[in-house]
Amino acid sequence: EDQVTQSPEALRLQEGESSSLNCSYTVSGLRGLFWYRQDPGKGPEFLFTLYSAGEEKEKERLKATLTKKESFLHITAPKPEDSATYLCAVQDTTDSWGKLQFGAGTQVVVTP
Amino acid sequence: DTEVTQTPKHLVMGMTNKKSLKCEQHMGHRAMYWYKQKAKKPPELMFVYSYEKLSINESVPSRFSPECPNSSLLNLHLHALQPEDSALYLCASSQEEGGQPQHFGDGTRLSIL
């Protein structure tokens with residue numbers, strides 16, 4: 001059965017203090033790995049798609065990387081507006097239609 | 001601004017009421033989804049519509065009844081809900097069923113008294 005585990009559950013950072021979030025996954029075959037950002041009371045906002053080991057994507061202060069067993073979301077010199085819950089999700093190639101399996105998320109708080 | 005619009009933003013209802021949640025997208029997407037999200041938990045898939053037909057029902061209780069009147073609209077009809085059904089209900093859409101990325105609305109915060 002597919003599993004997606006995110007760590008840590010919560011992360012408190014000072015503004016400018018870089019850090020990384022982890023998403024480890026177990027799938028029969030990876031169709032894609034997705035990162036979303038969710039602000040309180042809002043829906044998830046799509047950030048990145050990664051398809052194969054070694055792939056990297058960047059957007060402003062965020063950089064996502066992928067290995068065969070895990071993905072990292074690196075936050076470089078974070079600002080308070082980067083505070084959010086970051087969700088990781090995977091699609092398994094053996095799933096007939098491509099259901100998203102979400103991790104529980106990492107809640108990030110960046111203080112000034 | 002999200003491209004998937006959900007109304008209402010908040011809804012309080014009694015266990016005997018009937019209400020509906022609405023979702024609209026104008027991106028030409030042919031797949032639409034309903035998710036339920038409890039506090040500090042990830043979204044849980046409820047239903048998938050593909051080309052206006054119900055494709056997936058994740059064993060959701062019959063007190064939740066989805067409807068897709070056309071390719072841009074998705075409704076979720078609610079009847080005789082239980083307090084444990086209180087949650088954030090999210091709508092999402094994608095180009096095709098299982099296609100990525102899914103675009104989410106900001107949800108309807110539902111409270112059952």
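All residue numbers refer to position in the chain's written sequence, counted from 1. Lettering of chains starts at A and numbering of ligands starts at 1, both following the order in which they are written. Residue-level local features of this predicted model are given only where pLDDT is at least 70; pairs of side-chain atoms are given and counted only at 80 or more, and the full residue set underlies all totals for whole chains, interfaces and linings. As a rule here, side-chain values come from all non-hydrogen atoms in the structure, and water together with hydrogens is ignored.

All names here are of chain A. Strands here mean DSSP runs of E at least two residues long; helices mean DSSP runs of H or I at least four residues long; both are numbered from the N terminus. Here Thr65 is to be found in strand S7 (residues 62-66). When accessible area is computed with a 1.4 Å probe and restricted to protein chains, residues below 20% of their type maximum are described as buried, those above 50% as exposed, and intermediate ones as partly exposed. We classify Thr65 as buried; its relative accessible area is 12%. Placed 13 residues apart in sequence, Thr65 and Pro78 show a C-alpha to C-alpha distance of 18 Å. Any pair of residues with heavy atoms lying within 4.5 Å of one another is described as a contacting pair. Each residue touching Thr65, except ones within four places of it in the same chain, is listed here: Leu50, Glu55, Glu56, Glu70, Ser71, Phe72 and His74.

Right, let's talk about the environment of B:Pro61 for a bit. For B:Pro61, the location among the structural elements is in the loop between strand S6 (53-57) and strand S7 (64-70). Overall, B:Pro61 belongs to the partly exposed group, its relative accessible area being 35%.

Turning our eyes to something else, we now look at the interface of chain B and chain A. In this complex, chain B contributes 21 residues to the contact, which on the side of chain A involves 18 residues. Taking both partners together, chain B and chain A bury about 1500 Å²; carbon and sulfur atoms supply 59% of that area. On the chain B side of the contact with chain A, B:Gln100, B:Phe104 and B:Asp106 bury the most area, a combined 29% of that side's loss. Here a salt bridge means any side-chain nitrogen of Lys or Arg lying within 4 Å of a carboxyl oxygen belonging to Asp or Glu. Remark: the boundary between chain B and chain A carries two salt bridges. Here A:Lys42 makes a salt bridge to B:Asp106, at a shortest N to O gap of 3.8 Å. Identification of polar contacts relies on pairs of N or O atoms within 3.5 Å, with a donor-acceptor requirement for protein atoms, meaning one able to donate a hydrogen and the other able to accept it, and with residues adjacent in sequence counted only if both atoms are side-chain atoms. Our enumeration of links across chain B and chain A arrives at five residue pairs in polar contact (both at pLDDT 80 or more). Among the elements of the structure, strand S4 (31-37), strand S5 (44-50) and strand S9 (87-94) of chain B are those that each provide at least two residues to the side of chain B that touches chain A. Summed over both partners, the accessible area (1.4 Å probe) lost when two parts come together is defined as the buried area.

Before going further, it helps to examine the sheet that holds strand S6 (residues 56-59) of chain A. All names here are of chain A. A pair of strands is labelled paired if DSSP reports no fewer than 2 bridges between them. Strand order in the open sheet formed by five strands is S1-S3-S8-S7-S6, with antiparallel pairing between adjacent strands. Of all the strands in the sheet, just strand S1 (3-7) and S6 have a single pairing partner and so form its edges. Adjacent strand axes in the sheet meet at a mean angle of 15°, parallel and antiparallel pairs treated alike. Lines fitted to C-alpha atoms define the axes here, with helix axes fitted over just the stretch in contact, and angles between the N-to-C directions of these axes take values from 0 to 180 degrees.

Residue and element names in this part refer to chain B. Spatially, the four strands line up as an open sheet ordered S1-S3-S8-S7, and their pairing is antiparallel. Edge positions in the sheet fall to strand S1 (4-7) and S7, since each of these pairs with one other strand and no more. Shown here is a sheet whose adjacent strand axes are inclined to one another by a mean of 20°, direction ignored. Judged from the seven bridges that link them, strand S3 (residues 18-25) and strand S8 (residues 73-79) form a sheet pairing that is antiparallel.

Another point: unusual backbone geometry. Residue A:Ser7 is joined to A:Pro8 through a cis peptide bond whose omega torsion reads -10°. Along the chain, A:Pro8 turns up in the loop between S1 and strand S2 (10-14). A cis amide bond, omega 0°, links B:Gln100 with the succeeding residue B:Pro101. If you check the backbone angles, B:Ala80 has positive phi at about 55° while not being a glycine.

Each disulfide consists of a covalent bond between the sulfur atoms of two cysteine residues. Our working definition of a disulfide is a cysteine sulfur pair at a distance within 2.5 Å. Counting across every chain of the model gives two disulfides over all chains. With its sulfur 2.0 Å from that of its partner, A:Cys23 forms a disulfide with A:Cys88. Note on the A:Cys23 and A:Cys88 pair: the S-S dihedral is about -60°, so by sign convention the disulfide is left-handed. With A:Cys23 in strand S3 (residues 19-26) and A:Cys88 in strand S9 (residues 84-92), this residue pair connects regions lying 65 residues apart in the sequence. The burial state of A:Cys23 is the same as that of A:Cys88; both residues are buried. The disulfide partner of B:Cys23 is B:Cys91, and the S-S distance across this bridge is 1.9 Å.

Each pair of aromatic rings taken from Phe, Tyr and Trp, with Trp reduced to its six-membered ring, is defined by centres within 6.5 Å and is described as stacked if the planes are under 30 degrees apart, edge-to-face if over 60, and tilted in the remaining cases. Enumeration according to the criterion identifies seven aromatic pairs over all chains in this entry. Ring geometry for A:Phe102 and B:Tyr35: centres 6.2 Å apart, planes at 85°, overall edge-to-face. One end of the pair, A:Phe102, is in strand S10 (residues 101-102); the other, B:Tyr35, is in strand S4, on a second chain. Per residue, the accessibility class of A:Phe102 equals that of B:Tyr35, and both read buried. Relative to B:Phe104, the ring of B:Tyr35 lies with its centre 5.3 Å away and its plane at 45°, an arrangement referred to as tilted. You can see B:Tyr35 sitting in strand S4 and its partner B:Phe104 sitting in strand S10 (residues 103-104), a full 69 residues away along the chain.

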